[in-house]
Amino acid sequence: MKATVIPSTTRDLTERLIALERCEADGETAPAFRVCDKLRRPLSMLMGTQGYRALISRALTLAQRESKLLTSVRVKEDGALECLNSEAFPVAALLAKQLIALLLSFVGEAVTLRLLDDVWPTLRGSETTQGDLDDSKRQS
């Protein structure tokens, strides 16, 4: 199966979110899984638990196409992630990138960036702005 191509600005944005979570890491959870988990509550409020579960399940399916190590990750009924093997931690970023890419695709850049800003207020001063994401679309 063909892997989904994620624009570089989406990858960069996701990497910054992961870096923010790495600063708060507890060592038991991959920072990228923490990104997904922090998005779970606000997205569940917007789309319902089952809606979020469908979104994260789709992101996981897409990420598993890129790395079989992610087959040890399961989505629980409440949308939380369960990782059965810590070997998936190094490739967890693939899941977070797919989730952000799906958000951008389904709700658009403005809503996605507003949501991310609500969850990570320190992201406001980051390099990626809505204009940067618009520029990357024109280049694609």
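Before going into details, it helps to say that this report is about the structure given with it.

1. What to know about the overall build of the protein chain
Inference 1: Tallying secondary structure elements over the protein chain gives 5 helices and 2 strands in all.
Inference 2: If you list the helices and strands of the protein chain from N to C, you get α-α-β-β-α-α-α.
Inference 3: A total of 140 residues make up the protein chain; the buried ones form 44% of that total.
Inference 4: Partitioning the intrachain contacts of the protein chain with sequence separation of at least 6 by distance along the chain shows that 62% fall at a separation of at least 24.
Inference 5: Surface summary for the protein chain: the accessible area is close to 7700 Å², and the carbon and sulfur share equals 51%.

2. Brief notes about the side chain of Ser72
Inference 1: Its place among the elements puts Ser72 in the loop between α2 (31-66) and β1 (73-75).
Inference 2: Its relative accessible area of 12% is what places Ser72 among the buried residues.
Inference 3: Within the structure, the side chain of Ser72 is placed 3.1 Å from the backbone oxygen of Leu69, a separation counted as a polar contact.

3. Digging into the packing of α2 against helix α3 (residues 93-107)
The axes of two packed helices give the description: the angle between them and the distance between them.
Inference 1: Two elements in contact, α2 and α3, have axes separated by 7 Å at closest approach and are oriented at 120°. Judged by the angle between their axes, α2 and α3 are oblique. As α2 packs across α3, the resulting crossing turns out to be right-handed.
Inference 2: The residue makeup of the contact of α2 with α3, split by class, is 22 nonpolar, 1 polar and 2 charged.

4. Describing the packing of helix α1 (residues 8-23) against α2
Inference 1: α2 packs onto α1 with a crossing angle of 105° between their chain directions and a minimal axis gap of 8 Å. Taken together, the axes of α1 and α2 are roughly perpendicular relative to one another. Seen from α1, the contacting residues are Leu17, Ile18, Glu21 and Arg22; seen from α2, they are Pro31, Ala32, Arg34, Val35 and Lys38.
Inference 2: Of the residues that constitute the contact of α1 with α2, the class distribution is 5 nonpolar, no polar and 4 charged.

5. Observations concerning a nonpolar patch on the surface
Inference 1: Where nonpolar side chains cluster on the molecular surface, the patch consists of Phe106, Val107 and Val111 and spans about 280 Å² of accessible area.
Inference 2: Relative to the assigned elements, Phe106 resides in helix α3.
Inference 3: By relative accessible area, Phe106 is classed as exposed at 59%.

6. Comments concerning the nonpolar core
Inference 1: Counting residues in each nonpolar core, the largest one holds 37 residues, and the members touching the most others are Leu39, Leu70, Leu95, Leu99 and Leu116.
Inference 2: Counting only elements with at least two residues in this core, the list comes to α1, α2, β1, α3 and α4 (109-119).
Inference 3: Top element by residues in this core is α2. It accounts for 13 residues.
Inference 4: In this view, Leu99 contacts Cys36, Leu39, Tyr52, Leu55, Ile56 and Ala59; residues no more than four positions away in its chain are not counted.

7. Digging into the packing of aromatic side chains
Inference 1: On inspection of all chains with the given rule, the structure shows 1 aromatic pair.
Inference 2: Measuring from ring centre to ring centre gives 5.9 Å for Phe33 and Phe89, while their planes differ by 80°; the resulting arrangement is edge-to-face. Here Phe33 is found in helix α2, whereas its partner Phe89 is found in the loop between β2 (81-83) and α3, with 56 residues between them in sequence.
Inference 3: Residue Phe33 is classed as buried on the basis of its relative accessible area of 6%.
Inference 4: Of the residues examined, Phe89 reaches a relative accessible area of 25% and is grouped as partly exposed.

Here is what the cut-offs are and how they apply
Residues numbered from 1 in each chain as written. Predicted model: local features only at pLDDT ≥ 70, side-chain atom pairs only at ≥ 80, totals over all residues. Heavy atoms only, no water. Helix = DSSP H or I, 4+ residues; strand = E, 2+ residues; numbered from the N terminus. Buried < 20%, exposed > 50% of the residue type's maximum accessible area, 1.4 Å probe, protein only. Contact = heavy atoms within 4.5 Å. Areas by Shrake-Rupley, 256 points an atom, 1.4 Å probe, with all protein chains shown as cover. Polar contact = N/O pair within 3.5 Å; in protein donor to acceptor, adjacent residues only side chain to side chain. Axes fitted to C-alpha atoms, helices over the stretch in contact; angles between N-to-C directions. Parallel < 35°, antiparallel > 145°, perpendicular 65-115°, else oblique. Left-handed = near helix turned anticlockwise from the far one by under 90°. Nonpolar A, V, L, I, M, F, W, Y, C, P; charged D, E, K, R; others polar. Patch = residues over 30% accessible without salt bridge, like charges linked within 9 Å, V, L, I, M, F, W, Y side chains within 5 Å. Salt bridge = Lys/Arg side-chain N within 4 Å of Asp/Glu carboxyl O. Core = buried A, V, L, I, M, F, W, Y, C linked by side-chain atoms within 4.5 Å. Phe/Tyr/Trp six-rings, centres within 6.5 Å; stacked < 30°, edge-to-face > 60°.

Keep in mind these numbers describe shape, not what the thing actually does.
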